[in-house]
Amino acid sequence: MFTLSKIFWLVFAPAKIIVILLAVGTVLLFTPWRRTGRALVATMMAFFVLLGVFPIGNAMLEGLENRFPANPALPETVAGVIVLGGTVNPGLTVDRNQPALTDGAERLTEFIRIGRRYPHAKMVFSGGSGSLTRQDLKEAAVARDLIRSIGFPTGRIVFESESRNTHENAVLTRDIMAPKLGENWVLVTSALHMPRAVGCFRSAGWSNIIPYPVDYRTDGKGSFSLGFAPFSGVTRVSEALREWIGLAVYRLLGRTETLYPGP
């Protein structure tokens, strides 16, 4: 399933579909099917402009990001804090011999901040490799070096390095940490990814997971200002679609108990 999901997104990501159809349409312009080519090119360009002007991607993301409250009040004591991978780029780290952070770096900074707040809580970084071809490049190894370099004691943290997706994050971390019934565990991940993550952890047997969403893409207020950012628009639609499709697939596979996990 992991391999299938990666191949699917390699082929059907919205940006790639637009480029492929534009290319097909352009080729058809020089054939007897030029009318079909013109229709394809015009449709794809209109779609591209539409996403660049109107906040379609933002609207799709806001529902996900607003599903759980930002900055939730945390209890006086917690058993542990878990952060999911997606914070570092192992390949670029190896290539440049320097820790490379991703757009999800807030996951890591909030993880450390919460860890400092609860000095006796267990801490887990859960992240192996999401690559089809480079399973030897583990996020956990890069995160360990980075956290050590900024002076946080890595001895406090369990680094789970075999998970390849959210389902495996929940299951493998459970197997390592053996959470007890009723224990409070804080889960840190990107806000748009939190519904699927919470669904996986609940389904895997984490009885009291506290969602702590970070790494926001939208302001959550439905704000709209005129502009033209087609590449950003396509990217945000792609991010949102990936999560919505992921929610549907995980529900079908029984990895979550509901289609749209919430508070």
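Undergrad: I'd like to hear about a nonpolar patch on the surface, residue by residue, with values.
TA: Taken together, the side chains of F47, L50, F54 and F224 make up a nonpolar region of the molecular surface, amounting to roughly 360 Å² of accessible area. Within the element layout of this structure, F47 appears in helix α3 (residues 34-53).

Undergrad: Let's hear about the environment of V249: which residues, and what values?
TA: Turning to its location among the elements, V249 is positioned in helix α10 (residues 230-252). Its relative accessible area of 33% is what places V249 among the partly exposed residues. Here the alpha-carbon distance between V249 and E139, two residues 110 residues apart in the chain, equals 25 Å.

Undergrad: Can you explain the pairing of strand β4 (residues 185-190)? Please cite residues and give values.
TA: In terms of burial, β4 is a largely internal element, six of the six residues being buried. Pairing between strand β1 (residues 80-84) and β4: four bridges, direction parallel. Its bridge partner lying in β4, I82 is registered against L187. Across six bridges, the pairing between β4 and strand β5 (residues 209-214) is parallel. Opposite S190, over in β5, you have V214 as the bridge partner. Crossover β4 to β5 through helix α9 (residues 194-203) is right-handed.

Undergrad: Describe the packing of helix α4 (residues 56-65) against α10, and please don't skip the residues or the numbers.
TA: α10 packs onto α4 with a crossing angle of 40 degrees between their chain directions and a minimal axis gap of 8 Å. Considering their axes alone, α4 and α10 lie oblique with respect to each other. At the point where α4 passes α10, the crossing takes the left-handed sense. Contact residues: I56, G57, N58, M60, L61 and L64 in α4; R236, V237, E239, A240, L241, E243, W244 and L247 in α10. Considering only residue class, the contact of α4 with α10 consists of nine nonpolar, two polar and three charged.

Definitions and limits used
- Residues numbered from 1 in each chain as written.
- Predicted model: local features only at pLDDT ≥ 70, side-chain atom pairs only at ≥ 80, totals over all residues.
- Heavy atoms only, no water.
- Patch = residues over 30% accessible without salt bridge, like charges linked within 9 Å, V, L, I, M, F, W, Y side chains within 5 Å.
- Areas by Shrake-Rupley, 256 points an atom, 1.4 Å probe, with all protein chains shown as cover.
- Salt bridge = Lys/Arg side-chain N within 4 Å of Asp/Glu carboxyl O.
- Helix = DSSP H or I, 4+ residues; strand = E, 2+ residues; numbered from the N terminus.
- Buried < 20%, exposed > 50% of the residue type's maximum accessible area, 1.4 Å probe, protein only.
- Pairing = 2+ DSSP bridges.
- Right-handed = clockwise from strand over helix to strand, strands pointing away.
- Axes fitted to C-alpha atoms, helices over the stretch in contact; angles between N-to-C directions.
- Parallel < 35°, antiparallel > 145°, perpendicular 65-115°, else oblique.
- Left-handed = near helix turned anticlockwise from the far one by under 90°.
- Contact = heavy atoms within 4.5 Å.
- Nonpolar A, V, L, I, M, F, W, Y, C, P; charged D, E, K, R; others polar.

Purely spatial values, then, with no claim about function.
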